[in-house]
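Chain by chain, the residues run as shown.
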Amino acid sequence: MSLRHALLGLLSEHPASGYDLLKLFETSLANAWPATQSQIYTELTKLADAGLIAVAAEGPRGRKEYALTAEGLAELRHWLTETKPQRTTRSDTLLRVFFLGVLTPDQARGYLTELIERADEGHQGLRQLEESIDWTDDNLSVYGRIALEYGLRLHTMHREWAEWASGQIT
């Protein structure tokens, strides 16, 4: 996934300013694809230059509201249907697990305990996010809730795996 496609996807629902998109990222995509304010504004300029979005309205202090163009919608649909998701193959967490044998058993279990705590914190953060959102029946809410459930289940799996792994260390 790229920031390009994340922004096109958010704009597929309705026009939004860079600030609005940043806030949407914070309450929806940040757990899957984080982005900074400067990254968002830089990508918006690139998308506009490519004709994938257009300025739909301008407000005070140079505020611009962007809308998806037909070309942008076609690009988003192409990305969703014609390209395969990239499989993340690197994991700093699992790389460390491979080498836990150089630590004492207590240190190795300590590392896994940290993973359990991190999974619990992530799960709790997603639950708080879930409770803070005014869910509706629009596409972002429906599919956002599905994505949030993925995150909740992933944190649960990470916790269960780390507990199991800790029990394997003698």
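Before going into details, it helps to say that this report is about the structure given with it. The structure presented is a predicted model; accordingly, all values stated were derived computationally and were not measured.

Considering the nonpolar core
Here's step 1: The biggest cluster of nonpolar side chains holds 19 residues, and the ones touching the most others in it are Leu7, Leu11, Leu21, Phe25, Ile40, Leu44 and Ile53.
Here's step 2: Looking at this core, the elements with two or more residues in it are helix H1 (3-11), helix H2 (18-29) and helix H3 (37-49).
Here's step 3: Considering each element in turn, this core owes the most residues, six residues, to H1.
Here's step 4: Look past the residues within four positions of Phe25 in its chain and what remains in contact with it is Leu3, Ala6, Leu7, Leu10, Ala30, Trp33, Ala35 and Ile40.

Quick look at the environment of Thr27
Here's step 1: By the element assignment, Thr27 lies in helix H2.
Here's step 2: Judged by its relative accessible area of 37%, Thr27 falls in the partly exposed class.
Here's step 3: Between the C-alpha atom of Thr27 and that of Leu148, which follows or precedes it by 121 residues, the distance is 11 Å.
Here's step 4: The residues touching Thr27, leaving out its near neighbours within four places in the chain, are Leu129 and Ile133.

Here we look at the pattern of salt bridges
Should the charged atoms of two oppositely charged side chains come close, the side chains can pair.
Here's step 1: Inspection of every chain in the model, using the stated rule, returns nine salt bridges.
Here's step 2: Here Asp20 ties to Arg63 by a salt bridge, and the two come within 2.9 Å at their closest N and O atoms. Placement of the pair is Asp20 in helix H2 and Arg63 in the loop between strand E2 (53-58) and strand E3 (64-68), with a sequence separation of 43 residues.
Here's step 3: Given a relative accessible area of 36%, Arg63 falls into the partly exposed group.
Here's step 4: The partner of Glu26 in a salt bridge is Lys23, with the nearest N and O atoms 3.2 Å apart. Linking Glu26 with Lys23, this pair stays in helix H2, spanning three residues, or about one helical turn.
Here's step 5: According to the relative accessible area criterion, Glu26 is partly exposed, its value standing at 44%.
Here's step 6: For Lys23, a relative accessible area of 33% gives the class partly exposed.
Here's step 7: Because the salt bridges share partners, they merge into one network encompassing Asp120, Arg159 and Glu163.

Some thoughts on the side chain of Glu130
Here's step 1: Relative to the assigned elements, Glu130 resides in helix H6 (residues 105-132).
Here's step 2: Classification of Glu130 by relative accessible area gives buried; the value is 17%.
Here's step 3: Not counting the four nearest positions on each side in its chain, Glu130 is found in contact with Trp135, Arg145, Leu148 and Leu152.

Some remarks on the pairing of E2
Here's step 1: Sheet topology places E2 next to E3; five bridges connect them, and they run antiparallel. Opposite Ala57, over in E3, you have Glu65 as the bridge partner.
Here's step 2: Counted along the chain from E2 to the antiparallel partner E3, the turn is five residues long, and its residue Arg61 has a positive phi close to 55 degrees.

Considering helix H7 (residues 139-168)
Here's step 1: The end-to-end C-alpha separation of H7 is 43 Å, in line with the 44 Å expected for 30 residues at 1.5 Å each.
Here's step 2: Residues of H7 that are buried: Ser141, Leu148, Gly151, Leu152, Ala162, Ala165 and Ser166.
Here's step 3: Looking at the buried positions of H7, the neighbouring elements they touch are H6.

So, a nonpolar patch on the surface
Here's step 1: Where nonpolar side chains cluster on the molecular surface, the patch consists of Leu95, Phe98, Phe99, Val102 and Leu103 and spans about 590 Å² of accessible area.
Here's step 2: Relative to the helices and strands, Phe98 is located in helix H5 (residues 92-98).

Comments concerning the packing of H1 against H2
Here's step 1: Running from N to C, H1 and H2 cross one another at 100 degrees; their axes reach a closest spacing of 11 Å. Taken together, the axes of H1 and H2 lie roughly perpendicular to each other. Touching Leu3, Ala6, Leu7, Leu10 and Leu11 of H1 are Leu21, Leu24, Phe25, Ser28 and Leu29, all from H2.
Here's step 2: Within the contact of H1 with H2, the residues separate by chemical class into nine nonpolar, one polar and no charged.

Basis of the calculations
- Residues numbered from 1 in each chain as written.
- Predicted model: local features only at pLDDT ≥ 70, side-chain atom pairs only at ≥ 80, totals over all residues.
- Heavy atoms only, no water.
- Core = buried A, V, L, I, M, F, W, Y, C linked by side-chain atoms within 4.5 Å.
- Buried < 20%, exposed > 50% of the residue type's maximum accessible area, 1.4 Å probe, protein only.
- Helix = DSSP H or I, 4+ residues; strand = E, 2+ residues; numbered from the N terminus.
- Contact = heavy atoms within 4.5 Å.
- Salt bridge = Lys/Arg side-chain N within 4 Å of Asp/Glu carboxyl O.
- Pairing = 2+ DSSP bridges.
- Expected span 1.5 Å × (residues − 1).
- Patch = residues over 30% accessible without salt bridge, like charges linked within 9 Å, V, L, I, M, F, W, Y side chains within 5 Å.
- Areas by Shrake-Rupley, 256 points an atom, 1.4 Å probe, with all protein chains shown as cover.
- Axes fitted to C-alpha atoms, helices over the stretch in contact; angles between N-to-C directions.
- Parallel < 35°, antiparallel > 145°, perpendicular 65-115°, else oblique.
- Nonpolar A, V, L, I, M, F, W, Y, C, P; charged D, E, K, R; others polar.

Distances and angles like these do not, on their own, reveal function.
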